[in-house]
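Summary of structural features
The lines below spell out each chain.
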Amino acid sequence: MNYDQARFSRDDVYEPLLSEKDGREVDVDSSLPDDLTRDSVSLPSLSEPELARHYTRLSQMNYSVETGPYPLGSCTMKYNPSFIEDVAALPSGAVHPDRSGETVQGTLAVLHGLQEYLADIGGMDAVTLQPPAGAAGEFTGILVAQAYHEANDDDRSEVIIPASAHGTNFASAAMAGYEVVELPSGADGRVDLDALEAAVSEETAALMLTNPNTLGLFEREIRDIAETVHDAGGLLYYDGANLNALLGRARPGDMGFDIMHYNVHKTFATPHGGGGPGAGPVGVASDLAEFLPKPQVRKSDGGYELFDPERSIGKVHGTMGNWLVLVKAYAYISRLGDAGLRDASAKAVLNANYLASQLEYDIPYDPFHHEFAATAGDRDAADVAKRMLDYGVHPPTTKWPELVSEAMLTEPTEVENRSSLDDLAAAFNRALADDDETLANAPSRTTARRIDQVSAARNPRLSWHALEDDGGD
Ligand SMILES: *Cc1c(COP(=O)(O)O)cnc(C)c1O
């Protein structure tokens, strides 16, 4: 790849709106009442090639995992193989949510199959597929923990979460009404057992843990951690959003975890949905199965049926969850099989370690597995990341976890080959070597220059009209 050659220069990629291209007033001929219709509307009048080129050009201004590597740590962007789209597009999958179980046996077989796959992968006894995202899975899992303690007349008020955890952990526990006890990390980036022992009490409802944690480090003392929490009567919650290091090799259930969620969009190659639709199934140990959301799928005489767990917390999503996402996860796991999943985790870890070996960055914590937190040192990680866009790759997750200053949390995933990892390393290293002014003004070669991220989040203008009303700037 020639990094000096801009992929797109800002001036020559202005792509007009379709209505700007050839907007024409077209008379409205409608059978609707007059007071509900306009006399005419402005519609573009374009040939098919013009239309195809418009959308293709727009797509080329974008960056995606089909364009190149997308090494977001923790949030994993792995390539979604196209066969899963074919499976999801089968007309037989489009069933009305109110159809009775007997008439949709194939659908139930797939859902049951996925429940079983995920239970097996996580070492759990029962799985609900309903939650529509990882965060929704966490919230569901914490509600299950709460229901369990309540059923035992055991009133507990706290959830312990390590400082390095994903922000959604804190939010999920707080939304369920718990007080969050933040656990500082030990000097090696892992849970400090002494600090944990000091934090647990009869108020501890659960410990939420990610393992390998968000620095890619495996919690070697996980059995002692589990014992400490269980001895205090608390439950162990596993944040399994990212299972890429563990697939087919180790199971949270075997480590002592009681509840976990899975992000099928981070581990099982279903699309990230820009906030949805996604899927964040939740697995639990047998003691907790009766509290899962309803309904669940189980085997019946010669087929499958829906049933409501006895002390279910209720529903957390319509019907059975996001079918189109779930069927893709099912197809992906079926296609890879045991050996394929083991292979994926081996390559994910190998790729992270190979990439790290090619970087001129400090990586303060190791040995890491599927991801690592490099530091940009005295450079601003966000500036370095913006500059990487100029070199034609997507940057990693930046400035998180906070344990590493100017962190660049990087996860290349198993799908990259060696030459693409070399390209990625070159982009990392070149960006770090650029001067301050270049970094501060980056990106300079992309279609959109640096955006004001704070305003974009606080004051979103989500339609063209809103933009026009604001002066079209
Ligand atoms: C992404 C992520 C989550 C949240 O998942 P969403 O599907 O984005 O809600 C939770 N924990 C970890 C470690 C994650 O990486």
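Calculation rules
Residues numbered from 1 in each chain as written. Predicted model: local features only at pLDDT ≥ 70, side-chain atom pairs only at ≥ 80, totals over all residues. Heavy atoms only, no water. UniProt positions renumbered as here; feature names shortened; annotations may be inferred. Pairing = 2+ DSSP bridges. Helix = DSSP H or I, 4+ residues; strand = E, 2+ residues; numbered from the N terminus. Buried < 20%, exposed > 50% of the residue type's maximum accessible area, 1.4 Å probe, protein only. Core = buried A, V, L, I, M, F, W, Y, C linked by side-chain atoms within 4.5 Å. Contact = heavy atoms within 4.5 Å.

If you look the protein chain up in an unreviewed UniProt entry, it shows as glycine dehydrogenase (aminomethyl-transferring) from Salinigranum rubrum. Under the Catalytic activity (unreviewed entry) heading, UniProt states for the protein chain: "N(6)-[(R)-lipoyl]-L-lysyl-[glycine-cleavage complex H protein] + glycine + H(+) = N(6)-[(R)-S(8)-aminomethyldihydrolipoyl]-L-lysyl-[glycine-cleavage complex H protein] + CO2".

Let us look at the pairing of strand β11 (residues 303-307). Look at any regular strand and the pattern is simple: side chains alternate between the two faces of the sheet. Here 5 bridges tie strand β10 (residues 296-300) to β11, and the two strands are oriented antiparallel to one another. Across the sheet, Lys299 pairs through a bridge with Tyr304, a residue of β11. The turn joining β10 and β11, which pair antiparallel and follow one another in sequence, is formed by 2 residues; a positive phi near 70° is taken by Gly302.

Burial along strand β8 (residues 259-262) is two-sided: the residues Ile259 and His261 and Met260 and Tyr262 are all buried. When β8 meets strand β9 (residues 282-284), the two strands line up antiparallel, connected through 3 bridges. Residue pairing across strands places Ile259 opposite Val284, the latter belonging to β9.

Our focus in this paragraph is the nonpolar core. Within the largest apolar cluster, 53 residues are counted, with the highest numbers of intra-cluster contacts made by Leu196, Leu243 and Phe268. Elements supplying a minimum of two residues to this core: α3 (83-88), α4 (105-122), α7 (193-199), β6 (204-209), α8 (222-231), β7 (235-240), β8 and α11 (323-357). Considering each element in turn, this core owes the most residues, 9 residues, to α11. Each residue touching Leu196, except ones within four places of it in the same chain, is listed here: Ile160, Leu183, Val191, Leu207, Ile225, Thr228 and Val229. Of all hydrophobic cores here, the second largest spans 30 residues; its members include Leu72, Tyr354, Leu421 and Ala425.

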